[in-house]
Amino acid sequence: MTIDARKIRLLMALRQSGVTDTKVLAAIERVPREVFVPDAFQDQAWENTALPIELGQTISQPLVVGLMTQALELHPRHLVLEVGTGSGYQAAVLARLCRRVFTIERLKPLLGEAERRFRALGIDNITTRLGDGTRGWPEQAPFLRVLVTAAGGPEPPKDLTDQLAVGGVMLIPLGDGYHDQKVVRFRRTEDGLIREDLWPVRFVPLLSDPPQQVRSAS
Ligand code: SAH
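Read on for an overview of the structure. (Residues numbered from 1 in each chain as written. Predicted model: local features only at pLDDT ≥ 70, side-chain atom pairs only at ≥ 80, totals over all residues. Heavy atoms only, no water.)

**Digging into helix α1 (residues 3-16)**
Phase 1: The first and last C-alpha atoms of α1 sit 20 Å apart over 14 residues, in line with the 20 Å expected at 1.5 Å per residue.
Phase 2: Summarising the contacts, the buried residues of α1 are in contact with α2 (22-30) and α3 (62-71).
Phase 3: Phi turns positive one or two residues past the end of α1, at Gly18, with a value near 115°. (Helix = DSSP H or I, 4+ residues; strand = E, 2+ residues; numbered from the N terminus. Expected span 1.5 Å × (residues − 1). Contact = heavy atoms within 4.5 Å.)

Spelled out as structure tokens, the structure:
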């Protein structure tokens, strides 16, 4: 089957599973997923499945990317914070639908690969950072849109909800373990946070790095 035939089959499957926003479908159609998938899995690049990337991490299932992107209710003017760059695929999809993506990854080799892919594809509205995304991106906060693509514990990291603007939407997989996660949508209103549990998912864990040791000069 040609890559175009696989692509059409995938887009039809996404539509049938609830990704109905034509802008989101068009973004998925135009981001070459094969560029974000390791050589060994090239034949599955347009299958509706999560795939392994380096260092035990994963590139998300296209359906999950589609549903989460749709649930984020993006506007072309939005600046989006993404936590968990991974392969860079989700960031590239977001970048087609908003003004700029700020994406944070804690594993340096993954971030380097993702940056290389963004350059190769001529994507110029993604800003990257190496570090612990649970701290957010204080210099750019507050954000109207936040997308976390690794699974937190039962509650979202406080720095992330603190950096969500009034009128803002944050999506984060939450749960106690790999088998019990849900995507949760938070909306910040004048009166506080509104929580809405969406669908079950399986993401790799969101890991917090220990606070930086203050090095004493000696
Ligand atoms: N969005 C990615 C998939 C993410 S996999 C894609 O489209 O390919 C989850 C990623 O989150 C992994 O790369 C993992 O290293 C990263 N991660 C986990 N905890 C993190 C943290 N505290 N800060 C930044 N990145 C984190």
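**Let's talk about the pattern of salt bridges**
Phase 1: Considering all chains together, one arrives at twelve salt bridges under this definition.
Phase 2: A salt bridge links Glu196 to Arg187; the nearest nitrogen and oxygen atoms lie 3.9 Å apart.
Phase 3: Of the residues examined, Arg187 reaches a relative accessible area of 25% and is grouped as partly exposed.
Phase 4: One continuous salt-bridge network, built from bridges that share partners, spans Glu73, Arg185, Arg187 and Glu196. (Salt bridge = Lys/Arg side-chain N within 4 Å of Asp/Glu carboxyl O. Buried < 20%, exposed > 50% of the residue type's maximum accessible area, 1.4 Å probe, protein only.)

**Considerations on the sheet that holds strand β3 (residues 79-83)**
Phase 1: The strand order β5-β4-β3-β6-β7-β8-β9 describes an open sheet built from seven strands, whose pairing is mixed. Here the strands that pair on one side only, and so sit at the sheet edges, are β5 (126-130) and β9 (192-201). On average, each strand axis in the sheet is inclined to that of its neighbour by 15°, with strand direction left out of account.
Phase 2: Sheet topology note: the β3/strand β6 (residues 143-148) ladder contains four bridges and is parallel. Looking across to β6, one finds that Leu81 is bridged to Val146.
Phase 3: In this fold α3 packs onto β6, β7 (164-175), β8 (181-189) and β9, with an angle of close to 160° to the strand it touches most, β9.
Phase 4: Running over the sheet, helix α5 (residues 108-120) touches β4 (100-105) and β5 and is turned about 165° from β5. (Pairing = 2+ DSSP bridges. Axes fitted to C-alpha atoms, helices over the stretch in contact; angles between N-to-C directions.)

**Description of α3**
Phase 1: With respect to burial, α3 is a largely interior element, nine of its ten residues being buried.
Phase 2: Here α3 has its buried residues at Pro62, Leu63, Val64, Val65, Gly66, Leu67, Met68, Thr69 and Ala71.

**Comments concerning the site of the ligand**
Phase 1: Taken together, the neighbourhood of the ligand is formed by 27 residues, with Ser87, Glu105, Asp132, Gly133 and Leu207 sitting nearest.
Phase 2: Here a nitrogen atom of the ligand sits 3.1 Å away from a polar atom, N or O, in the side chain of Glu82.
Phase 3: For the ligand, the accessible surface in isolation is 580 Å², of which the surrounding protein chains cover 100%.
Phase 4: Secondary structure elements with two or more residues in the shell around the ligand: β2 (58-59), α4 (89-95) and β4.
Phase 5: Looking at the shell around the ligand residue by residue, the class counts come to ten nonpolar, 13 polar and four charged. (Near = heavy atom within 4 Å. Polar contact = N/O pair within 3.5 Å; in protein donor to acceptor, adjacent residues only side chain to side chain. Areas by Shrake-Rupley, 256 points an atom, 1.4 Å probe, with all protein chains shown as cover. Nonpolar A, V, L, I, M, F, W, Y, C, P; charged D, E, K, R; others polar.)

**Some details on the environment of Ala27**
Phase 1: Looking at where Ala27 falls in the secondary structure, it is placed in helix α2.
Phase 2: Note on Ala27: relative accessible area 2%, which makes it buried.
Phase 3: For Ala27, the residues in contact, after removing those within four places along its chain, are Val93, Arg96 and Leu97.

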